[in-house]
Every structure is written in structure tokens, then in C-alpha cells.
Amino acid sequence: MQRLPAITAVHREAVDRLLKWFDQNKRPMPWRLTGDPYAIWISEVMLQQTRVQQAAPYYRRFIKRFPSVEELAAAPIDEVLRVWEGLGYYSRARNLHRCAKTIVTDYQGRLPSSYDALLNLPGIGPYTAGAIASIAFGLPVPAIDANAHRVLARLFGEQSMRTTRRLAAALIPGARAGTFNEAVMELGATLCSPKTPSCRACPLRRVCYAQTHDCADQFPARKKRSMIPHYDVAAGLLYDKENRLLIQQRAPEGLLGGLWELPGGKKKDGESLQQACQRELFEELGVEVAVGECVMSVKHAYSHFRITLSVFRCAITSGVVTSDRPLRWILMSELADYPFPRANRRILTHLVSNTAGL
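This one's a predicted model, so the numbers in the text were calculated from it and none came from an experiment. Think of each chain on its own: its residues are numbered from 1, step by step along the sequence as written. For a predicted model such as this one, the threshold for reporting local features is a pLDDT of at least 70, and the threshold for listing and counting side-chain atom pairs is 80 or more; totals across whole chains, interfaces and linings nevertheless cover every residue. Processing note: side-chain calculations cover all non-hydrogen atoms of the structure and skip hydrogens and water entirely.

Novice: Help me get a handle on the packing of helix α1 (residues 9-25) against helix α11 (residues 177-190), residues and values and all.
Specialist: To obtain an axis, a line is fitted to C-alpha atoms, over the contacting stretch when the element is a helix, and the angle between two such axes runs from 0 to 180 degrees between their N-to-C directions. In this text, helices come from DSSP runs of H or I with a minimum length of four residues, and strands from runs of E with a minimum of two, each type numbered from the N-terminal end. One way to put it is that α1 packs onto α11 with a least axis distance of 9 Å and a crossing angle of 75 degrees. Classified by the angle their axes make, α1 and α11 are roughly perpendicular. Here Val15, Leu18, Leu19, Trp21, Phe22, Asp23 and Asn25 of α1 come into contact with α11, specifically with Thr179, Phe180, Glu182, Ala183, Val184, Glu186, Leu187 and Thr190. As a working rule, the residues Ala, Val, Leu, Ile, Met, Phe, Trp, Tyr, Cys and Pro are called nonpolar, Asp, Glu, Lys and Arg charged, and the rest polar, with Gly in that last group. Grouping the amino acids of the contact of α1 with α11 by side-chain chemistry returns nine nonpolar, three polar and three charged. If an angle is under 35 degrees, it is roughly parallel; if it is over 145, roughly antiparallel; if it lies from 65 to 115, roughly perpendicular; otherwise it is oblique. In what follows, a contact means two residues having at least one pair of non-hydrogen atoms within 4.5 Å.

Have a look at this one:
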């Protein structure tokens, strides 16, 4: 195992300065107003892959709708996804729901207070377990996200996240473990930014390796970004005689699992968007369709690819709609009752707001 840099009295003094800085400069966040382990758990899961400003309104809405782990566990997954809609990375919501059921069944409705027990729950990894254990229960366990890793990598001149986690464990003060973890992450989110760190204002500047050697841009080493693929996606609008719209549910696992969407899929090489729409509806629903006008096209970016979604009015010319996935014929007034991916929701909002879509 790699030998750790020495933790000196100077580093301990720097930690004291960091805690004082945090007490004076921490940003107001709704989850910092509570010591409830349930609420802290929800906030930490939301903050995975999501910025604070975006997560805050979702947090308030989620806690209002599901104020306890029992109510979250008892809710239908469709309702959980609907409240989560727009926040992305929907596996987090599905794991929250599964985790809530486990907590109610195995832990009498209370989050376990030990790091190891938390780590065994669905959707909780080392960072989230460390954050909950330290912030909610005061345990001296590090919580290393990308911001904390950047701060500690620059502080000690180290690249490995495994090493920065061990350094955090050696630095963490037992009396204010949760505050220390929050302070390190806050410093990384505000002053110790990836490209233009504000070193002069940093409470750790006197002992920071990167500041002393003027090499903050080298820690942590940046990964080369690969080209992000783009896909054209075609979907169809199918209405029945009662002017109800057909929607279908995605498989419960995987990308956007459990959400509802307009039927369709990716365009293949050599196809037009209209041909792709016709083929996809036949493959998914078993019907031949006449593809009409394009109602709207929207662009959307996911973490590893981008799409342009084009939606066409379609009419069934032969066959009966069948699918091995759940289907619903719904009125436009019922759209708010179902969780949709963001690109689909933008299309549907456009339909509702225009008389042509009613």
C-alpha cells in the first residue's frame, strides 16, 4: 500500500481554519436546516451528478410529497418517478424507492447508523454512505466526491482517489466529522474550482502543495474526453377515436427505466426520419402507419450521448396495437399524471399549449 504523506500539526491547524471558513461562508441549503437522517439521505442521493441549485427545488418537492421513509416506501414507483421527473439519472429514484422498502422492512423505518450497513443498501456507494454516516450520525468517516477529491489532491499533490480518501480519514476531526466533509466539498464547489481556483481566498493555501508549486491545473489529472455520439430519434403521435394519445412505458431497468414515452426509436443509417418512425412503430406496436407532419423536433443531451427527437403525427393503416411493454391511451389532460423523459415532456407541453395538439 502506498505510503501516505505525513499529517502534521500545520495540517491540523489548516483544518481548523477550514472549519471556521465553512461556518462563515457555507451556502444556505434546505438540507442543512435538518438533522433528520432521512432528509440527509434524500439530499445526498439528489446531489449525485446534480448541481446544488438544480437539486434544491426538487429536494423541497420530494420531501413535501414523501416526508418520511414509510411514505416513500408505500408510494407507487410511477409516483416517485413523476416527482423526480426532470432531475435525470432516474436509477437514483428507483434505488431510493427500493432502499426505502428495505429500511422499512429490515430496519423498522430508520436508516442504519453504521457505514457498513449503509453501504449495503440499494443505491448507496462509498461516498453516499460516508456522507450520511458523518453528517447524520457524526461518525468519523470520509465522504469523497469529485469536489473533495480535487481539494485533497491539490492539498497533498496526490492523484489517486483512494489516497485522498485515506488522507481525509487521517484528517477528519472526530468532533465535527460531518462538518469537515461538508467543508471540504464546499471548498471544492466554490473556491477550489477545476479551472480557475481562488487560491488567495482559500483557508488551506499556506499548506497547499498545488499553491506552493503553482500547479493546481495538474491536480487531479484530467481525463481526455471522447467524442460524444449523436442519434436522431423518431417518435409517433397516435390517437384513438376518443382523441386519446398512446404512450408506452420503458423497461424498469436501464436508461430512463420506468418512465413513459411516445413510441419510437433511433434512425438507422440510410433511413429518413419518417421511415424510422414507420419501422419503429411496426416493430414496437405491430401496426402499419402513415407518417404525417413533423410536429416538433427537440435536442437533448444525456451524460454520454446526445439526441434530436422528432415527433410525427401518425395514423394506423392496418393492424391492432399490441406490445410486450405497458401501454396507455390517455387524454391530454392526464399527461401530468405520468413521468416522462425531459425531451418527451417538452414535446407534450408544446402539444398541450397549442390547439393543434388537442
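After that view of the structure, there is still more to cover.
Novice: Go over the state of the cysteines, please, and point to the residues and values.
Specialist: One way to say it: the disulfide is the covalent bond shared by the sulfur atoms of two cysteines. We call a pair of cysteine sulfur atoms a disulfide when they lie within 2.5 Å. Taken as a whole, this structure holds zero disulfides when the rule is applied. Here Cys202 stays free of any disulfide, with the sulfur of Cys192 as its closest cysteine sulfur at 6.2 Å. Take Cys208: it sits in no disulfide, and the sulfur closest to it among the cysteines is that of Cys199, at 6.4 Å.

Novice: Summarise the packing of helix α8 (residues 126-137) against α11; cite the residues concerned and give the values.
Specialist: Across the interface, α8 lies against α11 with an axial gap of 7 Å and an inter-helix angle of 130 degrees. Between α8 and α11, the angle falls in the class oblique. By crossing handedness, the relation of α8 to α11 is classed as left-handed. Of the residues in α11, those in contact with Tyr127, Gly130, Ser134 and Ile135 of α8 are Ala177, Gly178, Asn181, Glu182 and Met185. In the contact of α8 with α11, the residues fall into four nonpolar, four polar and one charged. Less than a right angle of anticlockwise turn of the near helix away from the far helix marks a crossing as left-handed, whereas a clockwise turn marks it as right-handed.

Novice: Break down the sheet that holds strand β3 (residues 260-261) for me, citing the residues and quoting the values.
Specialist: Each strand in a sheet pairs with another by means of backbone hydrogen bonds, the pair being arranged parallel or else antiparallel. With antiparallel pairing, the three strands of this open sheet are ordered in space as β3-β2-β7. Two strands bound the open sheet, and with one partner strand each, they are β3 and β7 (327-330). Alignment of strand β2 (residues 245-249) against β7, held across four bridges, turns out to be antiparallel. Across the sheet, residue Ile247 finds its bridge partner in β7, namely Arg328. Any two strands with at least two DSSP bridges between them are considered paired.

Novice: So what's going on with unusual backbone geometry? Which residues, and what values?
Specialist: Cis geometry is adopted by the peptide bond preceding Pro220, which originates at Phe219 and carries an omega value of -15 degrees. Mapped onto the elements of the fold, Pro220 is located in the loop between α12 (209-212) and β1 (230-237). Positive phi, normally seen in glycine, also occurs at Gln49, with a value near 65 degrees. Checked against the element boundaries, Gln49 lands in the loop between α2 (37-46) and α3 (52-65). Non-glycine residue Gln108 carries a positive phi angle of around 55 degrees. Structurally, the position occupied by Gln108 is in the loop between α6 (91-106) and α7 (115-119). For Gln108, a relative accessible area of 65% corresponds to the exposed category. Remark: exposure states derive from per-residue accessible area (1.4 Å probe, protein chains only) relative to the maximum for the residue type, with buried under 20%, exposed over 50%, and partly exposed in between.

Novice: Go over the sheet that holds strand β5 (residues 288-301) with me, naming the residues and quoting the values.
Specialist: Here we have four strands laid out as an open sheet, ordered β4-β1-β6-β5, and mixed in their pairing. Because the sheet does not close on itself, it has two edges, and the strands there are β4 (264-266) and β5. Across this sheet, the average inter-strand angle for adjacent strands is 20 degrees, counted without regard to direction. Bridge count for β1 against β4 is three bridges, and the pairing is antiparallel. Within β4, the residue paired with Ala235 across the bridge is Gly264. Of the strands in this sheet, β1, β4, β5 and β6 (306-318) touch helix α13 (residues 273-285), which is tilted by about 65 degrees from β1. Where helix α14 (residues 342-353) meets the sheet, its contacts fall on β1, β5 and β6, and the angle it forms with β5 comes to roughly 115 degrees.

Novice: Lay out the environment of Ser198 with the relevant residues and their values.
Specialist: The topology assignment puts Ser198 in the loop between α11 and α12. Of the residues examined, Ser198 reaches a relative accessible area of 35% and is grouped as partly exposed.

Novice: Any details on the layout of surface pockets? Residues and values, ideally.
Specialist: When its volume is computed, the second largest pocket comes out at roughly 480 Å³. In this analysis the probe radius is 1.4 Å and the grid spacing 1 Å, with only protein atoms considered; a cavity is a set of points the probe fits into but cannot get out of, a pocket is an open set with protein on both sides within 12 Å along at least five of seven lines, and lining residues have an atom within 4 Å of a point. Considering the residues around the second largest pocket, the lining is formed by 18 residues, among which Gly88, Tyr89, His300, Ala301 and Tyr302 are closest to the centre. Residue assignment for the lining of the second largest pocket shows that the elements contributing at least two residues are α6 and β5. Split into classes, the residues belonging to the lining of the second largest pocket amount to seven nonpolar, nine polar and two charged. Grid points are joined across faces, edges and corners, and a volume is the space filled by probe spheres set on the points.

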